[in-house]
Amino acid sequence: DAKTTQPNSMESNEEEPVHLPCNHSTISGTDYIHWYRQLPSQGPEYVIHGLTSNVNNRMASLAIAEDRKSSTLILHRATLRDAAVYYCILRDVGSGGSNYKLTFGKGTLLTVNP
Amino acid sequence: DAGVIQSPRHEVTEMGQEVTLRCKPISGHDYLFWYRQTMMRGLELLIYFNNNVPIDDSGMPEDRFSAKMPNASFSTLKIQPSEPRDSAVYFCASRKQGFSNEQFFGPGTRLTVL
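### Comments concerning the sheet that holds strand 6 (residues 61–64) of chain A
All names here are of chain A. Read across the sheet, 4 strands follow the order 2-7-6-5 without closing on themselves; strand pairing throughout is antiparallel. Unpaired on one side and paired on the other, strand 2 (18–23) and strand 5 (55–56) mark the two borders of the sheet. Sheet topology places strand 2 next to strand 7 (residues 70–75); 6 bridges connect them, and they run antiparallel. Following the sheet pairing, P21 is matched in strand 7 by T72.

### Things to note about the pattern of salt bridges
Following the criterion strictly, the structure yields 11 salt bridges over all chains and no others. Salt-bridge contacts for A:R77 lead to A:E15; the nearest nitrogen and oxygen are separated by 3.3 Å. Of this pair, A:R77 sits in the loop between strand 7 and strand 8 (84–92) while A:E15 sits in the loop between strand 1 (9–13) and strand 2, and the two are 62 residues apart along the sequence. Its relative accessible area of 54% is what places A:R77 among the exposed residues. B:D86 is the partner of B:R64 in a salt bridge, and the nearest nitrogen-oxygen pair spans 2.6 Å.

### Let's talk about the state of the cysteines
Residues and elements named next belong to chain A. In total, this model carries 2 disulfides over all chains according to the counting rule given. Put simply, C22 and C88 are joined by a disulfide, and their sulfur atoms are 2.1 Å apart. Disulfide C22-C88: torsion about the S-S bond near -85 degrees, hence left-handed. Taken together, the residues span a long stretch of sequence, with C22 in strand 2 and C88 in strand 8 at a distance of 66 residues.

### Some remarks on the interface of chain B and chain A
Across the contact, 19 residues belong to chain B and 17 residues belong to chain A. Its largest share of buried area at the contact with chain A, chain B owes to B:L43, B:N101 and B:F105, together 35% of the area lost on that side. Where chain B packs against chain A, one counts 2 residue pairs in polar contact (both at pLDDT 80 or more). In terms of residue count, the dominant contributor to the side of chain B that touches chain A is strand 4 (residues 31–38) of chain B (4 residues). When the residues that make up the side of chain B that touches chain A are grouped by side-chain class, the tally is 9 nonpolar, 7 polar and 3 charged.

### Observations concerning unusual backbone geometry
All names here are of chain B. Of note, the amide linkage connecting S7 to P8 takes the cis form, showing an omega dihedral of -10 degrees. Position of P8 relative to the elements: it lies in the loop between strand 1 (5–7) and strand 2 (10–13). Cis geometry marks the peptide bond from Q80 to P81; its omega dihedral reads -5 degrees. If you trace the backbone, P81 turns up in the loop between strand 8 (74–79) and strand 9 (88–95).

### What about the side chain of B:N50?
All names here are of chain B. Examined against the element boundaries, N50 turns out to sit in strand 5 (residues 42–50). Engagement of the side chain of N50 in a polar contact is seen with the backbone oxygen of D30, the distance being 3.1 Å. Once residues lying within four places of it in the same chain are set aside, the contact partners of N50 are D30, Y31, I55 and Q97.

Calculation notes
- Counting from 1, residues in each chain are numbered in the order their sequence is written.
- Following the order in which they are written, the chains are lettered starting with A and the ligands numbered starting with 1.
- Owing to the predicted nature of the model, reporting of local features is limited to residues with pLDDT of at least 70; listing and counting of side-chain atom pairs is limited to 80 or more, with chain, interface and lining totals taken over all residues.
- With hydrogens and water set aside, each side-chain value is computed from the structure's full complement of heavy atoms.
- Strands are treated as partners if at least two bridges between them are detected by DSSP.
- Helix and strand assignments come from DSSP, with helices taken as H or I runs of at least 4 residues and strands as E runs of at least 2, each series counted from the N terminus.
- We define a salt bridge as a side-chain nitrogen of Lys or Arg found within 4 Å of a carboxyl oxygen belonging to Asp or Glu.
- Whether a residue is buried, partly exposed or exposed follows from its accessible area with a 1.4 Å probe, protein chains only, as a fraction of its type maximum: under 20%, in between, or over 50%, in that order.
- Cysteine sulfur atoms are paired as a disulfide whenever they fall within 2.5 Å.
- Residues are treated as being in contact if the distance between any of their heavy atoms lies within 4.5 Å.
- Two parts placed together each lose some accessible area under a 1.4 Å probe, and the buried area is that loss summed for both.
- Any pair of nitrogen or oxygen atoms within 3.5 Å is treated as a polar contact; in protein, a donor-acceptor pairing is required on top of that, and neighbouring residues in sequence qualify only through side-chain atoms on both sides.
- Polar here means any residue outside two lists: the nonpolar Ala, Val, Leu, Ile, Met, Phe, Trp, Tyr, Cys and Pro, and the charged Asp, Glu, Lys and Arg; Gly therefore counts as polar.

Remember, this is a structural readout, not a statement about activity or role.
So, in structure tokens, the structure goes:
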């Protein structure tokens, strides 16, 4: 499986934007980029995913480099509730798009200061 | 919808005892996943099912672990006999094929084996 590299931790201030980087230099053409986050004492929750184009949803934006070797999760205005571990995951859809396995790394621990 | 339901939320048992963890996926979802999370190894996929059939059990650590899905609304993960190194948080997740790429996680079962 292609691997991802994320900083162990990042810090932000409340109501400021946060840019969480992810490197995936060995990404293949069939790898989707997924982001999940895990709030303290909870199960992971889906944030966003993309393939080639930048993506926006109500939670965040995903900016994907043109060569797809890196991506950035953008939280436009961090709140205290956004303090969590953020996981960048590659999912290889392979042939037929039937591979739904997610391999979680160590992620980035985001601390949000009031 | 109630989301993914797991029981029990906490389990404390003694080494050698049988442990059964339970999961009820979101109604209508046809994929079910079992994960284990520890400080040392992070979040690991143990096994996943599609339409009640095990698809990939390569993450199951050893023969002491077994998982079943007798119907679309119920799955169990059994450890027999349990060992202290099995202490972890076990998450169940489900998703619907073709609808989105989102896996929905349950709240987890915290297992402590003394």
